[in-house]
Amino acid sequence: MVIDPRYSQFLNFMKKPCHIVFTTIRHPAILRDLYENIQHYGHLEEVKIWVVGDRKTPASAAALAAEVSAQGLETVYFSVDDQDDWGKRFSLYPLIPYNTDGRRIFGYLRALEDGCEVLISMDDDNFPTSDDFVGFHRRTGQAWRKPLLREEKRFHNICEYLVFEPSRLVFPRGFPFQLRGHANQSQQLPRPAGAVIGVTEGLWLDEPDVDATTWLNGKVKGLSYRGPDTFVLDQSTWSPVNTQNTSVVRELIPAFVFVTMAWPVPGGKLDRYGDIWGGYFLLALMQGTKYHVAFGRPLVEHRRNPHNYVDDLRYEFWGMILTDWLLDILRSSFQPTSLSMPERVFELSEFLEIDAITHLPAWCPAEITSFLNSTAKNLRQWSAACRQVGI
């Protein structure tokens, strides 16, 4: 059968370049706010949304997705039944538990299959503000022609760009503890030829993305943003990258890994650091490429779902105390050489099994070794799944 080339052009035209992905176990009220923002700024024809459901997601989620689609913002509710059927062809699928936010990666794969150029990962409680949400994220994948920021201590505190009430020094979740207490001392570097924004993380007003130790020391509210629309870090300078309001260019989606959490450890579970460790893996995998990480706008309003901060501390504990170790070993010893991002992810899986486990602190229980072995296995299967969908 001969396909009319005009029909192929029509199908390509219908593909949306920008895909938004989030998972939820609640009614996704954020969809109405996303529609209003995206419609206001004229991006309806550019955007597709994937709402990744779970076993606890209410039926109203599918109904709202259909309603928003009918208004002109293409929105797919990816139900558990649909996931189960679609996931049969991936060895990765049974490795990701139900009732965990790690299932968002199935939305990433669907976006890859559908030809997305820019992927925006969100949480269901991070609502767009008056900023052009998609417009700012569409800077991802664009050339950067201004200076880069570099820190002598090699970490940059993005929370310094927010005005807090009460006023206090705050660090983002996942910032190394050994460097907390220091203010930024940025230097400007000329940008290298061919520099491209590969990742954009927008910041958060109201309740910032900080760890349980910060919340237990007293509530803090983000009132406003006082930084430039966009600032870009040199590859030698890192800051935590989460999945709350973050976009990545297509080529980097395989490197945008989400570490499966809820792993049993003494005292509870290792949890709430899946995006943080995944973000640091992303930064490590980007080294030596043309891509850089940008921060700034679009801002979101974090209307945080209910939390018990003592429970959060129990879940975050092992992630907190191991992150400094992870950063030391990643930055000193991991040197990817492959040109392909899926191949680099495979290199990372081998690094975790061979180098990281060998150099775990002596005080770590056996469960941490098991967790790293499981993470390495999941990374290999994630890499294979990305290749399977054609990247």
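Residues numbered from 1 in each chain as written. Predicted model: local features only at pLDDT ≥ 70, side-chain atom pairs only at ≥ 80, totals over all residues. Heavy atoms only, no water.

Enquirer: Help me understand the packing of helix α8 (residues 274-286) against helix α10 (residues 341-356) in this model?
Expert: The description of two packed helices rests on the angle between their axes and on the distance between the axes. Their axes nearest at 10 Å, the elements α8 and α10 cross at an angle of 115 degrees. Classified by chirality, the crossing of α10 by α8 is right-handed. Counting all contacts with α8, which are made through Phe 281, Leu 285 and Met 286, the residues of α10 involved are Met 341, Arg 344, Val 345, Leu 348 and Leu 352. (Axes fitted to C-alpha atoms, helices over the stretch in contact; angles between N-to-C directions. Helix = DSSP H or I, 4+ residues; strand = E, 2+ residues; numbered from the N terminus. Left-handed = near helix turned anticlockwise from the far one by under 90°. Contact = heavy atoms within 4.5 Å.)

Enquirer: Looking at this model, I keep getting lost on unusual backbone geometry. Mind explaining?
Expert: Peptide bonds are trans in most cases, and residues, glycine excluded, mostly fall at negative phi. Of the consecutive residues Glu 165 and Pro 166, the connecting peptide bond is found in the cis state with omega at -5 degrees. Here the residue pair Arg 297 and Pro 298 is connected by a cis peptide bond, since its omega of 10 degrees sits within 30 degrees of zero. With respect to the secondary-structure elements, Pro 298 resides in strand β15 (residues 291-302). One non-glycine residue, Arg 154, adopts positive backbone phi at about 70 degrees. Here Arg 154 is to be found in the loop between β6 (148-151) and β7 (162-165).

Enquirer: Explain the pattern of salt bridges to me, please; I cannot follow it from the model alone.
Expert: A pair can form between side chains of opposite charge whenever their charged atoms are brought close. In this structure the tally under the stated criterion is 23 salt bridges. One salt bridge in this structure joins Asp 114 and Lys 48, with 2.8 Å as the shortest N-O distance. Highlighted residues: Asp 114 in the loop between α5 (104-113) and β4 (118-122) and Lys 48 in strand β2 (residues 47-52), separated in sequence by 66 residues. Relative accessible area serves as the criterion here: at 9%, Lys 48 is assigned to the buried category. (Salt bridge = Lys/Arg side-chain N within 4 Å of Asp/Glu carboxyl O. Buried < 20%, exposed > 50% of the residue type's maximum accessible area, 1.4 Å probe, protein only.)

Enquirer: Looking at this structure, I do not really get helix α3 (residues 60-70). What am I missing?
Expert: The α-helix advances 3.6 residues per turn, and as a result positions three or four apart in sequence lie on the same side. Of the residues making up α3, those classed as buried are Ala 61, Leu 64, Ala 65 and Val 68. One side of α3 carries all its buried residues, which in axial view fall inside an arc of 105 degrees. Here the buried face of α3 lies against α2 (30-40) and β3 (74-78). Positive phi shows up at Gly 72, right after α3, with a value of about 115 degrees. (Arc of directions from axis to C-beta.)

Enquirer: Would you mind going over the packing of α2 against α3 with me for this structure?
Expert: Remark: α2 packs on α3, axes separated minimally by 10 Å, with the N-to-C direction vectors making an angle of 10 degrees. The angle between α2 and α3 falls in the class roughly parallel. The handedness of the crossing between α2 and α3 is right-handed. Residues Leu 31, Arg 32 and Tyr 35 of α2 form the contact with α3, whose own contacting residues are Leu 64, Ala 65, Glu 67 and Val 68. When the residues that make up the contact of α2 with α3 are grouped by side-chain class, the tally is five nonpolar, no polar and two charged. (Parallel < 35°, antiparallel > 145°, perpendicular 65-115°, else oblique. Nonpolar A, V, L, I, M, F, W, Y, C, P; charged D, E, K, R; others polar.)

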